[in-house]
Amino acid sequence: MAEIITVNQSINTNTTWETNKIYHVTTDINILNSAILTIEPGCIIKFEPATSLIVYQNTNGAIHAIGNKQNKIIFTSSQSRTMPGEWDGIKIFNSIEESIFEHCIIEHAGSSDYSYKNQNSLLFDGAYLSMNNCTIRYSNGNAIRMGSLSKFKSFSNNVILEEINTPLNINANAVSSIGKGNMLSLIHISEPTRQAEIS
């Protein structure tokens with residue numbers, strides 16, 4: 001049986017979540033002080049309701065979640081009966097450090113709080129993101145929302161399905177950064193003017 005590790009504090013230094021362990025997130029986890037959170041293949045991250053994983057504004061942290069075909073990284077709800085919007089998603093704000101997601105599954109995220117920063121499985125604003133060979137499913141709201149001054153470093157071979165709102169909501173300047181091989185039903189293009197506010 002996989003070891004279960006409770007996560008309830010901010011991340012202030014480079015940290016690794018180790019392969020084939022379950023990480024139980026019980027509160028918002030802020031990544032601060034240019035820290036990089038590395039998540040190894042086979043990790044399962046379970047979130048309590050209304051919690052998020054956040055690269056906090058202007059701290060230049062990052063998430064490097066790099067799985068493989070045999071051992072995907074799963075971001076999911078801690079609840080036994082899962083529905084869209086069980087947890088508040090992954091948020092990356094104003095960081096010059098690239099965040100990377102490879103062979104990941106993000107599911108049941110996107111809060112029922114209909115705000116810009118919460119109604120998304122993955123929100124990145126003022127940041128760069130590489131996402132390849134990932135699946136985002138059962139989102140309450142947008143699967144991915146991109147704010148102004150953001151672009152994909154790479155975005156290829158991803159699958160987005162069974163979302164309530166829009167699979168991909170991006171700014172107009174970033175359309176050219178979408179790669180090939182993605183499966184999604186709709187792209188919403190917005191004006192590149194809005195940035196998230198964090199309190």
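Residues numbered from 1 in each chain as written. Predicted model: local features only at pLDDT ≥ 70, side-chain atom pairs only at ≥ 80, totals over all residues. Heavy atoms only, no water.

Asker: So what's going on with the sheet that holds strand 18 (residues 159–161)? Residues and values would help.
Answerer: To summarise the sheet geometry, strands pair through backbone hydrogen bonds and adopt either a parallel or an antiparallel arrangement. Judged by pairing direction, the sheet is parallel, and its seven strands sit side by side in the order 1-3-6-9-12-15-18 without closing on themselves. Two strands bound the open sheet, and with one partner strand each, they are strand 1 (4–7) and strand 18. With strand direction ignored, the average angle separating the axes of adjacent strands in the sheet is 15 degrees. (Pairing = 2+ DSSP bridges. Helix = DSSP H or I, 4+ residues; strand = E, 2+ residues; numbered from the N terminus. Axes fitted to C-alpha atoms, helices over the stretch in contact; angles between N-to-C directions.)

Asker: Break down the pattern of salt bridges for me, citing the residues and quoting the values.
Answerer: By the definition in use, this model includes three salt bridges. Residues Glu 18 and Lys 21 are paired through a salt bridge, measuring 2.6 Å at the closest nitrogen-oxygen approach. For Glu 18, a relative accessible area of 38% puts it in the partly exposed group. Arg 137 is the salt-bridge partner of Glu 107, the closest N and O atoms lying 2.8 Å from each other. In this pair, Glu 107 sits in strand 12 (residues 104–107) while Arg 137 sits in strand 15 (residues 135–137), placing the two residues 30 residues apart along the sequence. Residue classification places Glu 107 among the buried residues on the basis of a relative accessible area of 11%. With relative accessibility at 25%, the residue Arg 137 sits in the partly exposed group. (Salt bridge = Lys/Arg side-chain N within 4 Å of Asp/Glu carboxyl O. Buried < 20%, exposed > 50% of the residue type's maximum accessible area, 1.4 Å probe, protein only.)

Asker: Outline the sheet that holds strand 11 (residues 99–102), listing residues and values.
Answerer: Read from one edge to the other, the open sheet built from six strands follows the order 2-5-8-11-14-17, with strand pairing classed as parallel. Sheet topology places strand 2 (15–17) and strand 17 (151–156) at the edges, where each strand pairs with a single neighbour. Each adjacent strand pair in this sheet contributes to an overall mean axis angle of 10 degrees, direction not counted. Where strand 11 lies against strand 14 (residues 128–132), four bridges are found, and the strand directions are parallel. The residue bridging Glu 102 from the neighbouring strand is Asn 132, located in strand 14.

Asker: Which residues make up the side chain of Thr 51, and what are the values?
Answerer: Note that Thr 51 resides in the loop between strand 6 (44–47) and strand 7 (53–55). With a relative accessible area of 4%, Thr 51 lands in the buried category. A distance of 2.6 Å separates a polar atom in the side chain of Thr 51 from the backbone oxygen of Glu 48. Those residues in contact with Thr 51, other than ones at most four positions away along the chain, are Val 25, Thr 26, Thr 27, Asp 28, Trp 87, Asp 88 and Gly 89. (Polar contact = N/O pair within 3.5 Å; in protein donor to acceptor, adjacent residues only side chain to side chain. Contact = heavy atoms within 4.5 Å.)

Asker: Please provide a residue-by-residue account of the packing of aromatic side chains, values included.
Answerer: Under the criterion given, the structure shown has five aromatic pairs. Summarising the aromatic geometry, the rings of Phe 152 and Phe 155 are spaced 4.3 Å apart at their centres and angled 25 degrees between planes, so their arrangement reads as stacked. Taken together, Phe 124, Phe 152 and Phe 155 form an aromatic cluster joined through their ring pairs. A cation over a ring is seen here: Lys 153 above Tyr 128, with NZ or CZ 5.0 Å from the ring centre. (Phe/Tyr/Trp six-rings, centres within 6.5 Å; stacked < 30°, edge-to-face > 60°. Lys NZ or Arg CZ within 6 Å of the ring centre and 35° of its normal.)

Asker: Explain the environment of Gly 61 residue by residue, including any values.
Answerer: Relative to the helices and strands, Gly 61 is located in the loop between strand 7 and strand 8 (62–66). Among all residues touching Gly 61, those that are not within four sequence positions of it are Ile 31, Ser 34, Ala 35, Val 55, Ser 95 and Glu 97.

Asker: I'd like to hear about the side chain of Ser 150, residue by residue, with values.
Answerer: Summarising the element assignment, Ser 150 is placed in the loop between strand 16 (142–146) and strand 17. A residue is classified by how much of its surface remains accessible, and Ser 150, at 2% relative accessible area, is buried. From its side chain, Ser 150 meets the backbone oxygen of Gly 147 in a polar contact 3.4 Å long. Aside from chain neighbours lying at most four places away, what touches Ser 150 is Phe 124, Asp 125, Gly 126, Ala 127, Asn 171 and Ala 174.

Asker: Lay out a nonpolar patch on the surface in plain terms, naming residues and giving numbers.
Answerer: Among the surface-exposed residues, Val 175, Ile 187 and Ile 189 lie close enough to one another that they form a single nonpolar patch of about 220 Å² accessible area. Its place among the elements puts Val 175 in the loop between strand 19 (168–171) and strand 20 (187–190). (Patch = residues over 30% accessible without salt bridge, like charges linked within 9 Å, V, L, I, M, F, W, Y side chains within 5 Å. Areas by Shrake-Rupley, 256 points an atom, 1.4 Å probe, with all protein chains shown as cover.)

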